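Below, each chain spelled out in residue letters.
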Amino acid sequence: MLENVDELMLDFEDKLDKRVDRLKYEYSIIRAGRANPKMLDRVLVNYYGTMTPISQMANISVPEARMIVISPWDISTVKEINKAILASDLGVTPTDDGRLIRLVFPSLTEERRKELVKDVKKIAEETKIAVRNERKEFLDFFKNEEKNKKITKDELEEYTDKAQKLVDKCNTNIDSICAQKEKEIMEV
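Figured I'd write up the structure that's included with this text. Every chain is numbered on its own, with residues counted from 1 as its sequence reads. Thresholds applied to this predicted model are a pLDDT of at least 70 for local features of residues and 80 or more for the giving and counting of side-chain atom pairs; totals over whole chains, interfaces and linings are not thresholded and use all residues. Side-chain numbers come from the whole structure's heavy atoms, not from hydrogens or water.

Digging into the overall build of the protein chain
Numbering of helices and strands starts at the N terminus; helices are DSSP runs of H or I of at least 4 residues and strands are runs of E of at least 2. For the protein chain, the helix and strand inventory stands at four helices and six strands. Helices and strands in the protein chain line up, N terminus first, as α-β-β-β-β-α-β-β-α-α. A compact globule built from 188 residues should have a C-alpha radius of gyration of about 16 Å, whereas the protein chain, at 22 Å, is more than 25% larger. Based on the C-alpha atoms only, the size of the protein chain along its principal axes is roughly 70 × 40 × 20 Å. Burial classes: relative accessible area under 20% of the type maximum marks a residue as buried, over 50% as exposed, and values in between as partly exposed (1.4 Å probe, protein chains only). Within the protein chain, the proportion of its 188 residues that are buried is 39%. Contacts were defined at the residue level, with two residues in contact if any of their heavy atoms lie within 4.5 Å. Within the protein chain, residue pairs in contact and separated by at least 24 positions form 64% of the contacts whose partners lie at least 6 positions apart. Here the Shrake-Rupley method, with its probe set to 1.4 Å, supplies the accessible areas, and only the displayed protein chains count as covering residues. Accessible surface for the protein chain amounts to roughly 11,600 Å². Of this, 49% is attributable to carbon and sulfur atoms. Distance from the positive charge centre (34 side chains) to the negative charge centre (37 side chains) of the protein chain: 5 Å. Our radius of gyration is a C-alpha quantity, and the globule rule it is checked against amounts to 2.2 Å times the number of residues to the power 0.38. The sign given to each residue is positive for Lys and Arg and negative for Asp and Glu; His and the chain ends receive no count. To locate a charge, take atom NZ for lysine, CZ for arginine, CG for aspartate or CD for glutamate.

Comments concerning the sheet that holds strand E3 (residues 58-64)
Two strands pair under a simple rule: DSSP has to find at least two bridges between them. Spatially, E3-E4-E6-E5 is the arrangement adopted by the four strands of the open sheet, whose pairing is antiparallel. One side of each edge strand has no neighbouring strand; the edge strands of this open sheet are E3 and strand E5 (95-96). Pairing analysis gives two bridges linking E5 to strand E6 (residues 101-104), with the strands arranged antiparallel. Bridge pairing in E6 places Thr95 opposite Arg102. Axis definition: a line fit to C-alpha positions, over the contact stretch in the case of helices; interaxial angles, taken between N-to-C directions, run 0 to 180 degrees. Against the sheet, helix H2 (residues 78-87) touches strand E4 (67-72), E5 and E6, its axis set at about 20° to E6.

Description of the pattern of salt bridges
If charged atoms from side chains of opposite charge come close, those side chains can pair. In the sections that follow, a salt bridge refers to a side-chain nitrogen of Lys or Arg positioned within 4 Å of a carboxyl oxygen of Asp or Glu. All told, the structure shown has 16 salt bridges when counted by the stated rule. Note that Arg132 is salt-bridged to Glu125, the shortest N-O span being 3.7 Å. One salt bridge connects Asp175 with Lys128, and the closest N-O pair in it is separated by 2.5 Å. Residue Asp175 is located in helix H4 (residues 153-186), and its partner Lys128 is located in helix H3 (residues 110-147); the two are separated by 47 residues in the primary sequence. Under the relative-accessibility criterion, Asp175 is labelled partly exposed at 39%. Linked by salt bridges that have partners in common, Asp11, Lys15 and Glu137 make up one network.

What about the pairing of strand E1 (residues 44-47)?
Pairing of E1 with strand E2 (residues 50-53) involves four bridges; the strand directions are antiparallel. Directly across from Tyr47, in E2, lies its bridge partner Thr50.

Describing the nonpolar core
Here, nonpolar core refers to any group of buried Ala, Val, Leu, Ile, Met, Phe, Trp, Tyr and Cys residues whose side-chain atoms link them within 4.5 Å. Counting residues in each nonpolar core, the largest one holds 29 residues, and the members touching the most others are Phe12, Leu16, Tyr27, Ile30, Phe138, Phe142 and Ile174. Of all the elements in the fold, those that place two or more residues in this core are helix H1 (5-29), H3 and H4. If you tally residues by element for this core, the top one is H4, at 10 residues. In this structure, Ile30 is in contact with Leu116, Val120, Ile123, Lys181 and Ile185, ignoring residues within four places of it in sequence. By size, the runner-up hydrophobic cluster in this structure holds 19 residues, among which are Ile54, Met57, Ile70 and Ile101.

Thoughts on the pairing of E6
Burial along E6 is one-sided: Ile101 and Leu103 are buried, while Arg102 and Val104, pointing the other way, are not. Taking the residues between adjacent antiparallel strands as the criterion, E5 and E6 are bridged by four residues, where Gly98 takes a positive phi near 95°.

Considerations on the packing of H1 against H4
Look at H1 against H4: their axes get within 11 Å of each other, and the N-to-C directions meet at 15°. Between H1 and H4, the angle is such that the two are roughly parallel. Crossing angle aside, the handedness with which H1 passes H4 is right-handed. Between H1 and H4, the residues in contact are Val5, Met9, Phe12, Glu13, Leu16, Val20, Leu23, Lys24 and Tyr27 and Tyr159, Lys162, Ala163, Leu166, Val167, Lys169, Cys170, Asn173, Ile174, Ile177, Cys178 and Lys181, respectively. In this classification, the charged set is Asp, Glu, Lys and Arg, the nonpolar set is Ala, Val, Leu, Ile, Met, Phe, Trp, Tyr, Cys and Pro, and all remaining amino acids, among them Gly, are polar. Residue classes in the contact of H1 with H4 are distributed as 15 nonpolar, one polar and five charged. The scheme is simple: roughly parallel for angles under 35 degrees, roughly antiparallel for over 145, roughly perpendicular for 65 to 115, oblique for anything else. Two helices crossing with the near one rotated counterclockwise from the far one by less than a right angle form a left-handed crossing, whereas a clockwise rotation gives a right-handed crossing.

Structure (structure tokens):
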């Protein structure tokens, strides 16, 4: 019997939780009818030769459901922020008055909503694949231990069952989060 099995199980469960957290983060970036400041997390601005996230160089607010207002701390960066937003895949044209940048998001069409749902499902499936890979890596360790006669076949089976229960719980959570995001996107 291995002594650090509980520690290994906790580590495995932590890795699965991190995969779910990553999924939640990915979903938070996807616009579902309402403007979300996290959408700008992936937009990097050339700020004196360093690629910098907008959130680190400006105040970002959502005064209306479909509008984001960016107030740069350094007004000289307005043009660079505009350029970065235009180059991104946000699908919105920024307007500025020299001090503030406004992003007005158009209403999502039915076709665009369906595309977003496909993206959401794809991200969920990629997360499930990552979870299965974590399980494989976890179980490979125990299979190796069993092969080296450090644990019995029954113990291997017990660990396999425990790992599968954690994976099933994680997949149920992923499906639930995915369904919630789909519903949010399809709401008009």
